[in-house]
Amino acid sequence: MKKNDFQMIDVQKEYEQDLLDAQIMWEQQEELERQAYLRQQEEMMQEVLRQQELNDRMMRENAMMFAAQRPSARDVTAVSLNGNMDNTFAGNAIPQDPIIPRQVYDSHLSQSATAMNVLSGRRVLLVNTVCGTGSVGRLMTGLYHSLEDYGYECLAAFGRDEAPEDVRGYRIGTDMDMYVHGAMSRLYDRHGFYSLKATQDFVSMIKEYDPDIIHLHNVHGYYLNLEVLFSYLKKCGKKIIWTLHDCWSFTGHCSHFEYIGCTKWMNGCFKCEQLREYPKSFGVDNSARNYEDKKRLFTGIDNLTLVTPSEWLKDKVQQSFLKEYPVTVVPTGIDLTQFYPREERMSEDNLIYRIKNHLSLRNKVILLGVANPWRDRKGLVQFKMLAKTLGDRYAIILVGLNEKQIKELPDNIIGLSRTDSIDELAALYSMADIYVNLTLEDTFPTTNIEALACGTPVITYKAGGSPESIDETCGEAVDRNSIQGVVAAIDKIQSLKGECYTVQMCLRRAQLYSKEYRFLEYIQNVYEAL
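Residue numbers here run from 1 along each chain, matching the order of that chain's written sequence. Per-residue local features of the predicted model are confined to residues with pLDDT of at least 70, and side-chain atom pairs are confined, for both listing and counting, to 80 or more; whole-chain, interface and lining totals are unaffected and use all residues. Hydrogens and water are ignored here; the side-chain numbers use all heavy atoms of the structure.

1. Remarks on the overall build of the protein
Looking only at helices and strands, one finds 16 helices and 13 strands in the protein. Looking at the protein as a whole, 54% of its 530 residues are labelled buried. In this analysis, two residues are considered to be in contact whenever any of their non-hydrogen atoms come within 4.5 Å of each other. Considering only contacts within the protein whose residues lie at least 6 apart along the sequence, 71% involve residues at least 24 apart. When the accessible surface of the protein is split by element, carbon and sulfur atoms take 50% of a total near 24200 Å². What counts as a helix is a DSSP run of H or I of at least four residues, what counts as a strand is a run of E of at least two, and both are numbered from the N terminus. Each residue's exposure class comes from its accessible area (1.4 Å probe, protein chains only) as a fraction of the maximum for that residue type: buried when under 20%, exposed when over 50%, partly exposed otherwise. Using a 1.4 Å probe, the Shrake-Rupley method yields the accessible areas, and only the shown protein chains count as cover for residues.

In structure tokens, the structure reads:
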């Protein structure tokens, strides 16, 4: 070889060594940044918990101050008749690198506080099926506390179970009222037209409490008489907010219709194909009568503002008989205290370490699905089809299945029953490489946001409002029923790992849905606009 050839080899070796040194330095720097990020996470969590403790103390003091003005609570334990009332698990998350600049957030907060001082002392009555439980119940109590922080006096009315200790509550009706309402609905398909005495008593309480604003959430759930309540609302002269969480308010029976592609709700329901879906009826079909009665009762109300959690539902409302009302979109927020990225450590005390070992998930690409309850319209059949397409390097985990569903799963799907532990759910989200939501109908699933808050990218069908919580940095939306589209999205996310769909990108997106920011949006865009 010539002398120049040896010189070329030496230069090449030096170049390769420089590249290797640069790679090592980059990895070391990345590790330092990761450790700094984790320390920042811990400091932020401690600050959030400290602020929460201060807020709790203030709420207790406010509660004691207003105790003499409270209506007496009717503490009656209720029993749920239908497990499909509220099938999303709204979780919590630790705030990460806010995509909203802090100075902008603080400015909005200051402006809102100034405006709300003018409105302080106004009374608000919030109404929902449950109080403090389920995604809508937690939303209602969260808004309750935020309004009280701004000087409003609040009362929560509900039809099942009990209110949290720090909430002034009024229970509408009794166990027996609810049982009778549910039984009659199953026989005659007239959900919402029983509970006569309970609703008359409730209206009497409203007149005595004399709220400035009445904020309705779910008015279905076997606890209210629509004729009595809305006849009062039409003539009461109060400001009324109605947050719709599904489509029940403008159909003759069902709460969702996208799964079967029904469009009867646009002009008038009849011969309902979903009588066996919530609110179930095993008797006659009264969907046509229900539709006309709802249209008569729900229209022509002065000072009514509608709120939806998604643009999708807003679009449906504006095509329905409710189109006469203004509609504001306020996406559901999540509580930023518990859902955040969990780290795996080689210890039996570590949830992710135990789960991976117990389920033999080492060296697997983990795809997670969460629902409660699981049904075909929530994507159960879709996951079984997906499992047939994927190879052995993938592991599918479905959380929230019942025993019968678990037994019927193919061998390459791991089925887990519902967990009430947020720590377990957050560990599962964090452990997953991709959260896959194959729902075929949904208003605005909070599980997508919970996954993002744990740093996990999301794949979802273009169903209802499900795609609205993601963007191109943290997830992929796929046409409904396209298993090949799901596979392509999985391949895309895996191939771009480290460049896109990163933990940081997911956390920045999740920050948009912090409950504090969304409650502030409620106050500014809805309450202040009345």
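More follows now that the structure is in view.
2. Some details on helix H9 (residues 351–358)
For H9, the set of buried residues is Ile-352, Tyr-353, Ile-355 and Lys-356. On an axial view of H9, the arc spanned by its buried residues comes to 170°, and they lie on one face. The inward-facing, buried residues of H9 contact strand E8 (365–370) and helix H12 (422–431). Two or three places before Ile-352, at the opening of H9, Asn-350 has a side-chain oxygen 3.2 Å from that residue's backbone nitrogen. In this description, one arc is meant: the one made by directions from the helix axis to the C-beta atoms. The definition of a polar contact used here is a pair of N or O atoms within 3.5 Å, where within protein one atom must be able to donate a hydrogen and the other to accept one, and adjacent residues in sequence count solely through side-chain atom pairs.

3. Considering the confidence of the model for the protein
For every residue, the predictor states its confidence as a pLDDT score lying anywhere from 0 to 100. For the protein, the average pLDDT comes to 84, and 77% of its residues sit at 70 or higher. Predicted confidence for residues 62–105 stays below pLDDT 50, and this span has 131 contacts to residues more than four positions away or in other chains.

4. Looking at the sheet that holds strand E10 (residues 413–416)
Following DSSP output, two strands are said to pair if at least two bridges run between them. Spatially, six strands are ordered E10-E9-E8-E11-E12-E13 in an open sheet, and the strand pairing comes out parallel. Bordering the open sheet on either side are E10 and strand E13 (475–478), each of which pairs with just one other strand. Adjacent strand axes in the sheet meet at a mean angle of 20°, parallel and antiparallel pairs treated alike. Here strand E9 (residues 394–399) pairs with E10 via four bridges, running parallel. Looking across to E10, one finds that Ile-397 is bridged to Ile-414. Only the contacting stretch of a helix is used when fitting its axis, a line to C-alpha atoms as for every element, and angles between N-to-C directions run 0 to 180 degrees.

5. Brief notes about the pattern of salt bridges
Between Lys or Arg on one side and Asp or Glu on the other, a salt bridge is scored when a side-chain nitrogen of the former is within 4 Å of a carboxyl oxygen of the latter. In the structure shown here, the tally under the stated rule is 26 salt bridges. With its nearest N and O atoms 3.4 Å apart, the salt bridge here joins Asp-479 to Lys-462. Of the two residues, Asp-479 sits in the loop between E13 and helix H14 (483–495) while Lys-462 sits in the loop between strand E12 (458–461) and E13, which places them 17 residues apart along the sequence. Accessibility expressed as a relative area gives 45% for Lys-462, which makes it partly exposed. One connected set of salt bridges, linked through shared partners, spans Arg-190, Glu-227, Arg-289, Asp-293 and Arg-296.

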